[in-house]
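Chain by chain, the residues run as shown.
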Amino acid sequence: MVQRSLRELQARRHRRGLGWGLGLEQLEQLRLERRESGRVRWRQLGWVELGWVIVIVVVVVLFFGLERLDGLVELELELQLGGMSGATILDGKALSKQLLDQLAGRVEACKARGATPCLAVVLVGDDPASKIYVRSKERRAAKVGIATADHRLPATTTTDELLARIDELNRDDAVHGILVQLPLPAGVDEQRVLRSVDPRKDVDGFHPDNLGLLMLGTPRFVACTPQGCMRLIEHAGVDPSGKRALVVGRSNIVGKPVAQLLLHANATVTIAHSRTQDLEAEVRRADIIVAAVGRPELIRGEWIRAGACVIDVGMNRVDAGGPKPKLLGDVEYEAAAARAGSITPVPGGVGPMTIACLLANVVSAAEQA
Ligand SMILES: Nc1nc(=O)c2c([nH]1)NC[C@@H]1CN(c3ccc(C(=O)N[C@@H](CCC(=O)O)C(=O)O)cc3)C=[N+]21
């Protein structure tokens, strides 16, 4: 009677789906069987299979994990350096004003000891763009208290006549800097002229002595545009050390010297030029780009690496249908600014810095005279 009712109870519990429906012994048996079968399954997996599982897991983690990490880093770069919100605009006008303000004190000190810094500007011929440029330089110089002496020579001037004028300026103690505006008319031997300027008055930094000193890493006068580029990079908060820097253009006055300066700043420097096979690929991997080729918008915005620092030296006057030609850089500005970390506008970027650096060189020349 008692036994039956117990069995009945067990059966009822079993129907209600309660584990109690099984006896304790049965439960224990089941547990043991499960554990046993699990062990058997693991034992059936040999070391080779286990090895494969590990290899696959590692490959999957590396592949997707690193790619995701890369994506995250890039996203962070974009957010941090403004890829999404737009690049920092490197305002060369404002920075050049700062530089010129700093010069004013040094100019005063020179004047106090009776040596007013003086720049002689030699302009041969009547290229309208050169005239505008020279006037702008002289206006800036006057603001800082630097004297300028204008030497305008006719387009028919011979090399010897020009050399004679430079010789005069070399020997004039009141003149601290000599600038021979380029380009010179065809027929004038430019190399001979640049070699004739006293290297201690060569504020353009174009004399072979000064270019050689730059190459050796002990510069005297650093060419103005390259110097301006470096000041803009520094202003952007970008340390070139260890970074990939791409210089587009190999001129003696911009490309080559700026490449030297970047090299001295420990960048890994590439110089691209008209024979470069794949300019796009070079641009895509550059952290710093200095464009100095003189081809409007040669460098496409979409080539710019996210967060890169873009220095545009180009000044291309392009007929835009309007009354005035449009001034375009070597970089496609709007599209580049959407990807770059920092970028110089044209105008208002490198141009004003060139003038400020020229005047800084004149003050240095006066201080050392
Ligand atoms: N011996 C010599 N040294 C030079 O340094 C030299 C030269 N010859 N020959 C001509 C080029 C050209 N150059 C410029 C510098 C500044 C601006 C400049 O300030 N541009 C402004 C305004 C541009 C505009 O609106 O026309 C800007 O970029 O914002 C332009 C052009 C120095 N050069």
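Since the model is a prediction, treat every value here as computed from it, not as a measurement.

Chemist: Before we go on, may I ask you to explain the overall build of the protein in this structure?
Modeler: What the protein contains, in helices and strands, is 13 helices and eleven strands. Taking the intrachain contacts of the protein between residues at least 6 apart in sequence as the baseline, contacts between residues at least 24 apart amount to 69%. Total accessible area on the protein stands at roughly 21400 Å², and carbon and sulfur atoms take up 55% of it.

Chemist: Would you mind going over the site of the ligand with me for this structure?
Modeler: What surrounds the ligand is a group of 16 residues, the closest being Tyr133, Leu182, Asp204, Arg317 and Gly348. Residue aspartate 204 places a side-chain N or O atom 2.5 Å away from a nitrogen atom belonging to the ligand. Within the backbone of glycine 348, a nitrogen or oxygen atom sits 2.6 Å from an oxygen atom of the ligand. Isolated, the ligand exposes 670 Å² of accessible area, and the fraction of that covered by the protein chains is 72%. Listed by contribution, the elements that provide at least two residues to the shell around the ligand are strand S4 (177–180) and helix H13 (350–368). Of all the elements, H13 adds the most residues to the shell around the ligand, at four residues. Grouping the amino acids of the shell around the ligand by side-chain chemistry returns ten nonpolar, four polar and two charged.

Chemist: For this particular structure, what's the right way to read unusual backbone geometry?
Modeler: What is expected of a backbone is that most residues other than glycine have negative phi and most peptide bonds are trans. The linkage connecting leucine 182 with the following residue, proline 183, adopts the cis geometry, with an omega of 0°. Summarising the element assignment, proline 183 is placed in the loop between S4 and helix H7 (190–196). The residue after valine 346, namely proline 347, is reached through a cis peptide bond having omega -5°. Following the sequence through the fold, proline 347 ends up in the loop between strand S11 (342–343) and H13. For asparagine 266, which is not glycine, the phi torsion reads 70° and is therefore positive. In this structure, asparagine 266 sits in the loop between helix H10 (255–264) and strand S6 (268–272). Of the residues examined, asparagine 266 reaches a relative accessible area of 51% and is grouped as exposed.

Chemist: Before we go on, may I ask you to explain the pairing of S4 in this structure?
Modeler: The side chains of a regular strand alternate between the sheet's two faces. Residues Gly177 and Leu179 line one face of S4 and the alternating positions Ile178 and Val180 line the opposite face, and both faces are buried. Two strands pair when backbone bridges link them, and strand S2 (residues 118–124) and S4 are joined in this way by four bridges, in the parallel orientation. Note that in S4 the partner of alanine 120 across the bridge is isoleucine 178.

Chemist: Help me understand the environment of arginine 305, please; the structure alone is not making it clear to me.
Modeler: Within the secondary structure layout, arginine 305 lies in the loop between strand S7 (288–291) and strand S8 (309–312). For arginine 305, a relative accessible area of 35% corresponds to the partly exposed category.

Chemist: Honestly, the sheet that holds S4 in this entry has me stumped. Any pointers?
Modeler: Backbone hydrogen bonds are what pair the strands of a sheet, in a parallel or an antiparallel way. Taken in spatial order, the three strands of this open sheet run S3-S2-S4, and their pairing is parallel. Each having just a single partner strand, strand S3 (147–153) and S4 make up the two edges of the open sheet. Neighbouring strand axes in the sheet, compared pairwise and without regard to direction, differ in orientation by 15° on average. Looking at chain direction, S2 and S3 are connected through seven bridges and run parallel. Residue pairing in the sheet places valine 122 in a bridge with histidine 151 of S3. Helix-sheet contacts for helix H5 (residues 128–144) involve S2, S3 and S4, and the interaxial angle to S3 is about 160°.

Criteria and thresholds
- For every chain, the first residue of the written sequence is number 1, and numbering continues from 1 along that sequence.
- Local features in this predicted model are restricted to residues of pLDDT 70 or higher, and side-chain atom pairs are both shown and tallied only at a pLDDT of 80 or more, whereas totals for entire chains, interfaces and linings draw on every residue.
- Side-chain numbers come from the whole structure's heavy atoms, not from hydrogens or water.
- By definition, any uninterrupted DSSP run of H or I lasting at least four residues is a helix, any uninterrupted run of E lasting at least two residues is a strand, and each is numbered from the N terminus.
- Two residues qualify as a contact provided that any one of their heavy atoms is within 4.5 Å of a heavy atom in the partner residue.
- Calculation of accessible area relied on Shrake-Rupley with a 1.4 Å probe; when residues are assessed, cover is drawn exclusively from the protein chains displayed.
- Definition of nearness: a residue and a molecule or strand are near each other if at least one heavy atom of the residue lies within 4 Å of the molecule or strand.
- Polar contact criterion, stated in full: a pair of N or O atoms within 3.5 Å, where within protein one must be able to donate a hydrogen and the other to accept it, and residues adjacent in sequence count only if both atoms are side-chain atoms.
- Amino acid classes used here: Ala, Val, Leu, Ile, Met, Phe, Trp, Tyr, Cys and Pro are nonpolar; Asp, Glu, Lys and Arg are charged; the rest, including Gly, are polar.
- Classification of residues uses two cut-offs on accessible area relative to the type maximum, computed with a 1.4 Å probe and protein chains only: under 20% is buried, over 50% is exposed, and between them is partly exposed.
- At least two DSSP bridges between two strands are needed for those strands to be called paired.
- Orientation is described by lines fitted to C-alpha atoms, with helices fitted over the stretch in contact, and by angles between N-to-C directions that extend from 0 to 180 degrees.

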